[in-house]
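# Descriptive analysis of the structure
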Amino acid sequence: MNMIQAINSAMAVMMERDPNVIVMGEDVGYFGGVFRATAGLQEKFGKTRVFDTPITECGIIGVAIGMGAYGLRPVPEIQFADYIYPALDQLVSEAARLRYRSAGQFTAPLTVRSPFGGGIFGGQTHSQSPEGIFTHVSGVKTVIPSTPYDAKGLLIASIEDNDPVIFFEPKRIYNGPFNGHWDRPAENWSKHPAGAVPEGYYRIELGKAAIVRPGNALTILAYGTMVHVAKATVEDMAIDAEIIDLRTLVPLDIETIEESVKKTGRCMVVHEATRTGGFGAELSALVQERCFYHLEAPIERVTGFDTPYPHSLEWAYFPGPVRIGQALKKLLKD
Amino acid sequence: MTADALRPNLPPLSLHVPEPRFRPGDAVDFASVEVPPAGAQPRPDTAADPASFHDLAYTLVRVLDDEGRAVGPWDPRLDPDTLRAMLRDMALVRAFDERMFRAQRQGKTSFYMKCTGEEAVAIAATHALSRDDMCFPSYRQQGILIARDYSLVQMMNQIYSNSGDNLQGKQLPIMYSSKEDGFFSISGNLATQYPQAVGWAMASAAKGDTRIAAVWCGEGSTAEGDFHSAMTFATVYKAPVILNVVNNQWAISSFSGFAGAEATTFAARAIGYGMAGLRIDGNDALAVYAATQWAAERARTNQGPTLIEHFTYRAEGHSTSDDPGQYRSAGEPGAWPLGDPIARLKAHLIAIGEWDEERHAAQDREVAERVKAAQKEAEKNGILGHGLHQPLDTLFDGVFEEMPWHLREQRQQMLDEEEASGRPWARKS
Ligand SMILES: Cc1ncc(C[n+]2csc(CCOP(=O)(O)OP(=O)(O)O)c2C)c(N)n1
């Protein structure tokens, strides 16, 4: 399966198991979503469980909160993460705090799915990575898969979770992993072990990172598309790096991170989002707080630049193998 | 869990989810679309109280009848030169769309959006506005630039993100911007331009200016909160603005019912705000012209905003990334009861003896040639995907007026990266 099919399968499995799971969003019904992630679900589960919505992101999330408060488990789709901003107030001020402010009387068990990240010539309004905004908010979980297998297991766990979850789907790797070389032939999930996705139910617990490549020279913390770019770069350069795919940013698997950095003594953080105030800043602060006496070099941050995503120069913006490679050399200098 | 709450003496509730009348494979019959006769609607004085003409928000103001005659009080009585200019602009937009759509299919750019069937909406409105009025378009009003004689080559440069692109390759194709031509920078985020247009109009009023603003969004976008905030501001401050809703029946795969069309019209949104509302035949260039002219006069005489619903049809896909065959009947565009805006204006000009088939055919050839020549010219500046068109460091221009230290550092990092890449400056996009 590719990642879109895995995500589709997760929703189908959960709708089968739990009649309270519903899917809603712009174009998700009859058409099956502009990325086809919800294809066939309306046919299978009917119009009252899978439906198109008006184009109002604040409405979609506000309504999903109400449905959640009633007892449903809505899985709203925001067509592109760039369009989550109109829904920000509902997510930040409402969904994230409903449990806290009502002392548990009301909860908002929604899973907001949204494709994010660049590399598809989407220009500045179809390419952004807003995860840092949500990790900064208390009360929402943030989940980002990097493989079809993980996407399905994590989405199932997210739908089962009783807290609001933001589930960002790295659209650059919907169809295959990406090594960061935009001018080389694209890979396909069918040739990748993580593309072997079981049809039925399984879950991957939120808050558990994956060590995608064990190593001793340094630790790379990444998520989504950047896991693949980092891995390809490290392999090209034949560096004995340990790569940790965080999988969920909140809650974060701090133990795996700490253990790894204490072992390797060096740490690099990679993400595609803009640098300043990004989640990489949080990661480096955490590593600095907890592993300072084990560090043999300053923590390296490899990120997108602090500009909007430019249409024609998107590959200059993207943190590719060269940027990662230079940071690796710096990190391993002495 | 729902079953626990069921009380035996009450019927279970049911959720209504709208469904369009036709899906792929269905035969199309638009008999239920009410098309009142042309010329039947009254034209209120532009100083009239909006409460006195609510009906105009529920019907369809039409000028051109089936024989191509212009009838009724809304006939703007345009001279033949203006009519021919509008026809030429509409034909030019269509030829431009055709060519750029093909350019995208040939891999010369990443994306394109046509406005086929909606040409009258932008062209006729622009002809009815003053050259210096500020337009806040959505992505389907390329006709505004065409009607203001903006350079076709410039438009294409933007579409190709090439070295001649005045937006430096920073925007998606078709997201033009020309302050000089009263064309506000297009956003990919739907409906955000609605309150911005109202703000521009309020500022113009506050300054005692004479310029007004006009804004366009699709019917699907009226669901966004921005639309409703804009309506409130516009009515509270009597902003000199024309609020256009282009109801082309489809928002990607969602039919207009998902924006509320099953319950009422989009023009009727005006009534709750105490605003003037008109629902017009958007495939009738004369109706678009007349309504815009009327709304502009209201705005210019401090009578406040007007909401105009342009009832039209999106004859082609949403964009080059869309396949409408997946969700709507292939028969829809052909069966659309309001016809084609270009054919209708052409028929009118022929009916009044100011045009003929030969001239029309010649014009079609001429606009196609013009577009082709412009494309050749634009491609001299490059197409997307062929090397580096903008100096790489322009990536950091325009984030702020002056570049702070962290961006200077990052710019240097990027330039170093380019050198280290082993094939500096040859970057393919
Ligand atoms: C805030 C926001 N949400 C979602 C989208 C994705 N999107 C782009 S166009 C579109 C449909 C718009 O339909 P409509 O307003 O009717 O205009 P039309 O395309 O029919 O002219 C959607 C949902 C977006 N661009 N911005």
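Residues numbered from 1 in each chain as written. Chains lettered and ligands numbered in written order. Predicted model: local features only at pLDDT ≥ 70, side-chain atom pairs only at ≥ 80, totals over all residues. Heavy atoms only, no water.

### Structural notes on the pattern of salt bridges
All names here are of chain A. To be explicit about the condition: A pair is scored as a salt bridge if a Lys or Arg side-chain nitrogen falls within 4 Å of a carboxyl oxygen belonging to Asp or Glu. Only DSSP runs of H or I with at least four residues qualify as helices, and only runs of E with at least two residues qualify as strands; both kinds are numbered from the N terminus onward. Three exposure classes are used, based on accessible area relative to the maximum for each residue type with a 1.4 Å probe and protein chains only: buried under 20%, partly exposed in between, and exposed over 50%.
Applying the stated criterion across every chain yields a total of 40 salt bridges over all chains. For Glu 296, the salt bridge is made with Arg 266, and the minimal N-O distance between the two is 3.4 Å. Placement of Glu 296 in the loop between α10 (279–291) and β12 (300–304) and of Arg 266 in the loop between α9 (254–264) and β11 (267–274) is noted, with a sequence separation of 30 residues between them. Relative accessible area serves as the criterion here: at 51%, Glu 296 is assigned to the exposed category. Under the relative-accessibility criterion, Arg 266 is labelled buried at 9%.

### Considering the environment of A:Asn188
All names here are of chain A. Note the following rule: Two residues qualify as a contact provided that any one of their heavy atoms is within 4.5 Å of a heavy atom in the partner residue. Polar contacts, as counted here, are pairs of nitrogen or oxygen atoms within 3.5 Å of one another; within protein the pair requires one atom able to donate a hydrogen and one able to accept it, and residues that are adjacent in sequence qualify only if both atoms are side-chain atoms.
Take Asn 188: it is sitting in the loop between β6 (165–170) and β7 (210–213). Its relative accessible area of 36% is what places Asn 188 among the partly exposed residues. Through-space distance from the C-alpha of Asn 188 to that of Pro 321 is 19 Å; in sequence the pair is 133 residues apart. If we ignore the near neighbours within four places in the chain, the residues touching Asn 188 are Asn 175, Gly 176 and Pro 177. Here Ser 190 takes part through its backbone nitrogen, which lies 2.9 Å from a polar atom of the side chain of Asn 188.

### Some thoughts on the domain arrangement of chain B
Worth spelling out the cut-off: As used throughout, domain bounds are those supplied by an automatic or database domain assignment.
Domain annotation of chain B identifies domain 1 (50–321 + 333–384) and domain 2 (391–421). A separation of 38 Å is found between the C-alpha centroids of domain 1 of chain B and domain 2 of chain B.

### Structural notes on the interface of chain B and chain A
As a reminder, the rule being used: Throughout, the accessible surface (probe 1.4 Å) given up by two parts as they are put together, summed over both, is called the buried area.
With 53 residues of chain B in contact, the opposing surface of chain A contributes 46 residues. Overall, the association of chain B and chain A removes approximately 4200 Å² of surface from exposure, summing both partners, and the carbon and sulfur fraction of that is 60%. Linking chain B to chain A there are two salt bridges. For B:Glu19, the salt bridge identified is with A:Lys47, shortest N-O distance 3.9 Å. At the junction of chain B with chain A, the criterion picks out 15 residue pairs in polar contact (both at pLDDT 80 or more).

### Things to note about the sheet that holds β12(A)
Residues and elements named next belong to chain A. Short version of the rule: Pairing between two strands is assigned when DSSP locates at least 2 bridges connecting them. The axes used here are C-alpha line fits, helices contributing only the stretch in contact, and every angle between their N-to-C directions lies in the interval 0 to 180 degrees.
Pairing is mixed in the open sheet, where five strands are placed in the order β7-β9-β8-β11-β12. A single partner strand is all that each edge strand has here, and the edge strands are β7 and β12. Neighbour to neighbour, the strand axes of the sheet diverge by 25° on average, direction disregarded. Where strand β8 (residues 218–222) and strand β9 (residues 241–245) come together, five bridges link them in parallel fashion. Paired with Leu 218 across the strands is Ala 241, a residue of β9.

### Looking at the UniProt feature "domain: Dehydrogenase E1 component" (unreviewed entry) in chain B
Operational definition: UniProt positions are given in the numbering used here, feature names are shortened, and annotations may be inferred rather than shown by experiment.
The UniProt record annotates "domain: Dehydrogenase E1 component" (unreviewed entry) at residues 89–383 of chain B. Structurally, residues 89–383 of chain B comprises 43% helix and 11% strand, and the distance from its first C-alpha atom to its last is 25 Å.

### Quick notes on the side chain of B:Ser253
Examined against the element boundaries, B:Ser253 turns out to sit in the loop between β4 (250–251) and β5 (254–255). At 2.6 Å, the side chain of B:Ser253 forms a polar contact with the side chain of A:Asp27.

### Concerning the packing of helix α12 (residues 321–331) of chain A against helix α13 (residues 405–420) of chain B
For clarity, the cut-off: For classification, angles of less than 35 degrees are called roughly parallel, those exceeding 145 degrees roughly antiparallel, those between 65 and 115 degrees roughly perpendicular, and all remaining angles oblique. Residue polarity follows a fixed list, in which Ala, Val, Leu, Ile, Met, Phe, Trp, Tyr, Cys and Pro are nonpolar, Asp, Glu, Lys and Arg are charged, and the others, Gly among them, are polar.
Between α12(A) and α13(B), the shortest axis-to-axis distance is 9 Å and the interhelical angle comes to 100°. Between α12(A) and α13(B), the interaxial angle falls into the category roughly perpendicular. Of α13(B), the residues touching α12(A) (which contributes A:Val322, A:Arg323 and A:Gln326) are B:Gln413, B:Asp416, B:Glu417 and B:Ala420. For the contact of α12(A) with α13(B), a count of residues per class yields two nonpolar, two polar and three charged.

### Details of the site of the ligand
What counts here: Throughout, near means a residue has at least one heavy atom within 4 Å of the molecule or strand.
For the ligand, the set of nearby residues contains 20 residues, the closest of which are A:Glu57, B:Tyr139, B:Arg140, B:Gly188 and B:Ser221. Chains contributing residues near the ligand are chains A and B. Interatomic distance of 3.2 Å between a side-chain N/O atom of B:Glu219 and an oxygen atom of the ligand. The side chain of B:Ser221 places a nitrogen or oxygen atom 2.5 Å from an oxygen atom of the ligand.

### Observations regarding the nonpolar core
The cut-off we apply is this: Nonpolar cores are built from buried Ala, Val, Leu, Ile, Met, Phe, Trp, Tyr and Cys residues. Side-chain atoms within 4.5 Å join them into one set.
Counting residues in each nonpolar core, the largest one holds 131 residues, and the members touching the most others are A:Ile61, A:Leu91, A:Ile220, A:Leu221, A:Leu246 and A:Met268. Residue contributions to this core peak at ten residues, all from helix α1 (residues 3–17) of chain A. Apart from residues lying up to four places away in sequence, A:Leu246 is in contact with A:Lys208, A:Ala209, A:Leu221, A:Ala222, A:Tyr223, A:Leu252, A:Ile257, A:Phe279 and A:Leu283. Listed in part, the 78 residues of the second largest apolar core include B:Ala48, B:Leu78, B:Met90 and B:Ala91.

### What to know about the domain arrangement of chain A
The extent of an interface is frequently quoted as the accessible surface area lost upon association of the parts. Residues and elements named next belong to chain A. Structurally, chain A comprises domain 1 (3–195) and domain 2 (210–332). Distance between the C-alpha centres of domain 1 and domain 2: 25 Å. At the interface, 33 residues of domain 1 touch 26 residues of domain 2. In total, domain 1 and domain 2 occlude about 2500 Å² of area from one another, counting both sides; carbon and sulfur atoms represent 63% of this. Joining domain 1 to domain 2, the criterion identifies one salt bridge. Counting the contacts that link domain 1 with domain 2 gives eleven residue pairs in polar contact (both at pLDDT 80 or more). Among the elements of the structure, α6 (131–135), β5 (141–143) and α7 (148–160) are those that each provide at least two residues to the side of domain 1 that touches domain 2. Within the side of domain 1 that touches domain 2, the residues separate by chemical class into 13 nonpolar, 15 polar and five charged.

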